[in-house]
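# Residue-level structure breakdown
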Amino acid sequence: MSQSPWVHHRNASVADDIDFEIKGQELQFVEIELDPGESAVAEAGALVWKDAAVGMTTVFGDGSGGAEGGFMGKLLGAGKRLVTGESLFTTVFTHNGSGKARVAFASPTPGAILPLNLGELGGRLICQKDSFLAAARGVSIGIEFQRRMMTGLFGGEGFIMQKLEGDGWVFVQMGGTVVERELKPGEELHVDTGCLAAYTPGVDFDLVMAGGVKSVFFGGEGLFFARLRGPGKVWIQSLPFSRLAGRMLAAAGGTGQNRGEGSVLGGLGDLIGGNR
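### A closer look at the pattern of salt bridges
Scanning all chains against the criterion turns up ten salt bridges. A salt bridge links Asp19 to Lys100; the shortest N-O distance between them is 4.0 Å. Separated by 81 residues along the polypeptide, Asp19 in strand β2 (residues 19-23) and Lys100 in the loop between β7 (89-95) and β8 (101-106) bring together distant segments of the chain. Exposure remark for Asp19: the relative accessible area of 8% places this residue in the buried category. Judged by its relative accessible area of 46%, Lys100 falls in the partly exposed class.

### Description of the sheet that holds β7
Two strands in a sheet stick together by hydrogen bonds in their backbones, pointing the same way (parallel) or opposite ways (antiparallel). What the six strands build is an open sheet, ordered β6-β7-β4-β11-β14-β9; its pairing is antiparallel. This sheet does not close on itself; its edge strands, each paired only once, are β6 (54-60) and β9 (111-117). Between one strand axis and the next, the sheet turns by 20° as a mean value, whatever way the strands run. As defined by bridge partners, β6 adjoins β7 across seven bridges and the pair is classed as antiparallel. Bridging across to β7, Val54 finds its partner in His95.

### A few points about the pairing of strand β14 (residues 169-175)
In terms of burial, β14 is a largely internal element, seven of the seven residues being buried. By the alternation rule, side chains of β14 split into Trp169, Phe171, Gln173 and Gly175 and Val170, Val172 and Met174, which are all buried. Of the strand pairs in this sheet, β9 and β14 are connected by seven bridges, and their pairing is antiparallel. Note that in β14 the partner of Ala112 across the bridge is Met174. Here strand β11 (residues 132-136) runs beside β14; their pairing, made up of three bridges, is antiparallel. Directly across from Phe132, in β14, lies its bridge partner Val172.

### What to know about the environment of Ala53
With respect to the helices and strands, the residue Ala53 is situated in the loop between β5 (47-50) and β6. Sequence separation between Ala53 and Asn96 is 43 residues, and the spatial gap between their C-alpha atoms is 5.7 Å. Contacts of Ala53, omitting those with residues within four sequence positions, involve Thr94, His95, Asn96 and Gly97.

### Regarding the confidence of the model for the protein chain
Parts of the model with low pLDDT should not have their predicted coordinates read in detail. Scored by pLDDT, the protein chain has a mean of 76; 65% of the residues are at 70 or more. The lowest-confidence element of the protein chain is helix α2 (residues 149-154), averaging 48 in pLDDT; the highest-confidence one is β8, averaging 96. In the model, residues 258-266 has pLDDT below 50 throughout and makes 31 contacts with residues more than four positions away in sequence or in other chains.

### Points about the packing of aromatic side chains
As enumerated under the stated definition, the model contains four aromatic pairs in all. When the ring of Phe20 is compared with that of Trp169, the centres are 4.9 Å apart and the planes differ by 65°; the resulting orientation is edge-to-face. Of this pair, Phe20 sits in strand β2 while Trp169 sits in strand β14; the two residues are 149 residues apart in sequence, bridging distant segments of the chain. According to the relative accessible area criterion, Trp169 is buried, its value standing at 11%. Among the aromatic side chains, those forming a connected cluster through ring pairs are Phe20, Trp169 and Phe171.

### Observations regarding the environment of Ile143
By the element assignment, Ile143 lies in strand β12 (residues 140-145). Each C-alpha atom, one on Ile143 and one on Cys127, is 9.8 Å from the other, the two residues being 16 residues apart in sequence.

### So, the side chain of Asp35
Checked against the element boundaries, Asp35 lands in the loop between β3 (29-34) and β4 (39-43). Since its relative accessible area comes to 14%, Asp35 is described here as buried. In this structure the side chain of Asp35 is engaged in a polar contact, spanning 2.5 Å, whose partner is the side chain of Lys100.

### Points about unusual backbone geometry
Note on backbone geometry: most residues besides glycine have negative phi, and most peptide bonds are trans. Cis geometry marks the peptide bond from Gly230 to Pro231; its omega dihedral reads 20°. Take Pro231: it is sitting in the loop between β19 (224-229) and β20 (232-237). Notably, Asp130 is not glycine yet its phi reads approximately 70°, a positive angle. When you line up the elements, Asp130 lands in the loop between β10 (124-127) and β11. With relative accessibility at 39%, the residue Asp130 sits in the partly exposed group.

What counts and what doesn't
- Residues numbered from 1 in each chain as written.
- Predicted model: local features only at pLDDT ≥ 70, side-chain atom pairs only at ≥ 80, totals over all residues.
- Heavy atoms only, no water.
- Salt bridge = Lys/Arg side-chain N within 4 Å of Asp/Glu carboxyl O.
- Helix = DSSP H or I, 4+ residues; strand = E, 2+ residues; numbered from the N terminus.
- Buried < 20%, exposed > 50% of the residue type's maximum accessible area, 1.4 Å probe, protein only.
- Pairing = 2+ DSSP bridges.
- Axes fitted to C-alpha atoms, helices over the stretch in contact; angles between N-to-C directions.
- Contact = heavy atoms within 4.5 Å.
- pLDDT = per-residue confidence, 0-100.
- Phe/Tyr/Trp six-rings, centres within 6.5 Å; stacked < 30°, edge-to-face > 60°.
- Polar contact = N/O pair within 3.5 Å; in protein donor to acceptor, adjacent residues only side chain to side chain.

Dropping the structure here:
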């Protein structure tokens, strides 16, 4: 069996560290190996298979707070998940036996599963909605609000993005091929607004005009690019699922492609954003 470039073996001195391997190319799944008592949490419906020794429990919210969080804490966590497009529930998978046991989760859309260690990223990651797939238990899922009006209107993700916090491994799903760029202080990168998948909190996210009038109306790139200014890391996806779905809809006789740029202006926003 060929080895995936995304393989990690746990460090026994680090809490909540897990063994995992991501398999496949365009339609990937992540296989997590658990020691006795270890747990992983996943999005509802993401399970592919599990060993019999792995028990599963559905919890309200993201399962990060435990019993001490109380009902209101769980309700708040579930509400945050609902706002970011996730289910109210997650499933916790715990190895209840001896030896090693495995559990596997798959992305519901074509693309890549990206493993990220939040402890190495300052404990926080900002990413597109619906990106969370699975994680070591203890990672919390929250809301990141866009503070700039124009960024919220035309930035591709609307006013709300997903915020993942913790110090363990998290697995996020992204469309197409994923590229990681590390920006130096003051370094800028211009990205199609639908292709911005995730970034670390130190990166400044704003918009910049895509070009002149001719480029805006006939270039097919919309009115704005996402302007990302370092320092920090940025992850770019080559094929947002909304773009793929738009092309499929157009091929099936729909009204055209959807580039994925978020807008509260309805059809006018689609026109300005390059969707129509």
